[in-house]
Amino acid sequence: MTVAMTKFIISCSVVLVCVCAIFAINSGGVSARYFENQGQITSEHPTIYLLRNTSDVYRLWEKKKVHGRVVIHLGKFLHYVHPDFDPDYTVPKSNYPLKVIKPHEFKNAEINFSNFLWAAMDTGIVRKTYNVIPLTDFQGRFSLEKANTTPIDVVENDFASARIITTRLPSTREPVLLNLDASYFGNLDISAFENQLRTARLPADIITVCLSEDSPDVSEAERRKAREFVSKMSGFASIVEPGNRI
């Protein structure tokens, strides 16, 4: 066997090992994610959690031990305000051997309407977020002209986590965490919205409707429409109301 042939075989072996490692890491990541029985919001008898506060959405995900998931959040707001404390891991230089200090752990009072999606991303519950916001709010947030009816999605990255801000329901094969915030229902035609969801056929294993009673930016009229939507869905869905706290 020539030297060139030996080098070629070694190179191919290294490439093969790298490819196998990538597939193994991906497989391990997928297997670590928790999924409930997959369904759709318009499938036969889905379960919909009606929650009072945005923090209740986070606590439900936490209770169900979901990890590394994709969330589709429908609402006017991004819920991604960073907290005042520094969440990063720290390594004191004075200690040897070096020890990693555990970052600040969230307390119940620190999860709120301004940061619950950030908290879910930071703690690993969520790895990717779709913020689906009403067209007029999207135009106002990004200073777009009213004539622009098909705005381009805004993609942001927080370290390795992607956030897509859009006006349209995304297409995904992976079961998602679907959260419908009361702020989304302001000027919504509920029947048309139900048809939109039926057409989208989102695979969602945990579906929540949040009344956002902890948010001063959500009106009682929006909460009434959210309840109206849940009432309409109760004809073929199981509605679960865990109460104030999860």
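Shown above is the structure to which this text applies.
Calculation rules
Residues numbered from 1 in each chain as written. Predicted model: local features only at pLDDT ≥ 70, side-chain atom pairs only at ≥ 80, totals over all residues. Heavy atoms only, no water. 1 Å grid on protein atoms, 1.4 Å probe; cavity = no way out; pocket = protein on both sides within 12 Å on 5 of 7 lines; lining within 4 Å. Points joined across faces, edges and corners; volume = space filled by probe spheres on them. Helix = DSSP H or I, 4+ residues; strand = E, 2+ residues; numbered from the N terminus. Nonpolar A, V, L, I, M, F, W, Y, C, P; charged D, E, K, R; others polar. Core = buried A, V, L, I, M, F, W, Y, C linked by side-chain atoms within 4.5 Å. Buried < 20%, exposed > 50% of the residue type's maximum accessible area, 1.4 Å probe, protein only. Contact = heavy atoms within 4.5 Å. Axes fitted to C-alpha atoms, helices over the stretch in contact; angles between N-to-C directions. Parallel < 35°, antiparallel > 145°, perpendicular 65-115°, else oblique. Left-handed = near helix turned anticlockwise from the far one by under 90°. Salt bridge = Lys/Arg side-chain N within 4 Å of Asp/Glu carboxyl O.

**Student:** Just to check I follow, could you spell out the layout of surface pockets for this structure?
**Tutor:** Take a probe with the size of a water molecule and roll it over the atoms, and the empty space left behind shows itself. When its volume is computed, the largest pocket comes out at roughly 240 Å³. Pro134, Leu135, Tyr184, Asn187 and Leu188 are the residues nearest the centre of the largest pocket, which is lined by 13 residues in total. Top element by residues in the lining of the largest pocket is helix 4 (residues 135-141). It accounts for 3 residues. Counted by class, the lining of the largest pocket contains 5 nonpolar, 6 polar and 2 charged residues.

**Student:** Would you mind showing me how to read the nonpolar core here?
**Tutor:** Taken as a class, soluble globular proteins show a tendency for nonpolar side chains to be buried jointly. Judged by nonpolar contacts, the single largest core of 31 residues is most densely connected at Ile72, Leu180, Phe193 and Phe229. For this core, the secondary structure elements donating two or more residues are strand 1 (47-51), strand 2 (69-74), strand 3 (126-132), strand 5 (161-166), strand 6 (176-181), helix 5 (190-200), strand 7 (204-210) and helix 6 (220-233). Take this core: its biggest share by element is 4 residues, from helix 6. Those residues in contact with Ile72 that lie beyond four places of it in its chain are Tyr130, Val132, Leu169, Pro170, Thr172, Val176, Leu177, Leu178, Asn179 and Leu202. One finds Val66, Leu78, Met121 and Ile133 within the second-largest nonpolar core, a separate group that totals 25 residues.

**Student:** When you look at the packing of helix 5 against helix 6 in this model, what are you seeing that I'm missing?
**Tutor:** Think of two packed helices as two axes; the pair is described by the angle between the axes and how far apart they sit. Put simply, helix 5 and helix 6 touch, their axes get as near as 11 Å, and they point 55° apart. One element, helix 5, and the other, helix 6, form an angle in the oblique class. In terms of crossing hand, the pair formed by helix 5 and helix 6 is right-handed. Contact residues: helix 5 offers Ile190, Ser191, Phe193, Glu194 and Leu197, while helix 6 offers Lys225, Glu228, Phe229, Lys232 and Met233. Residues of the contact of helix 5 with helix 6, tallied by class, amount to 5 nonpolar, 1 polar and 4 charged.

**Student:** Which parts of the structure should I look at to understand the pattern of salt bridges?
**Tutor:** Pairing between side chains of opposite charge can happen when the charged atoms of each approach one another. One pass over the full model with this rule turns up 10 salt bridges. With its nearest N and O atoms 2.8 Å apart, the salt bridge here joins Asp205 to Arg69. Separated by 136 residues along the polypeptide, Asp205 in strand 7 and Arg69 in strand 2 bring together distant segments of the chain. Here Asp205 matches Arg69 in class, with each residue buried. Note that Glu194 is salt-bridged to Arg198, the shortest N-O span being 3.0 Å. Here Arg198 and Glu194 lie together in helix 5, a separation of 4 residues that amounts to about one turn. The exposure class of Glu194 is buried, given its relative accessible area of 10%. Arg198 sits in the partly exposed class, given a relative accessible area of 37%.

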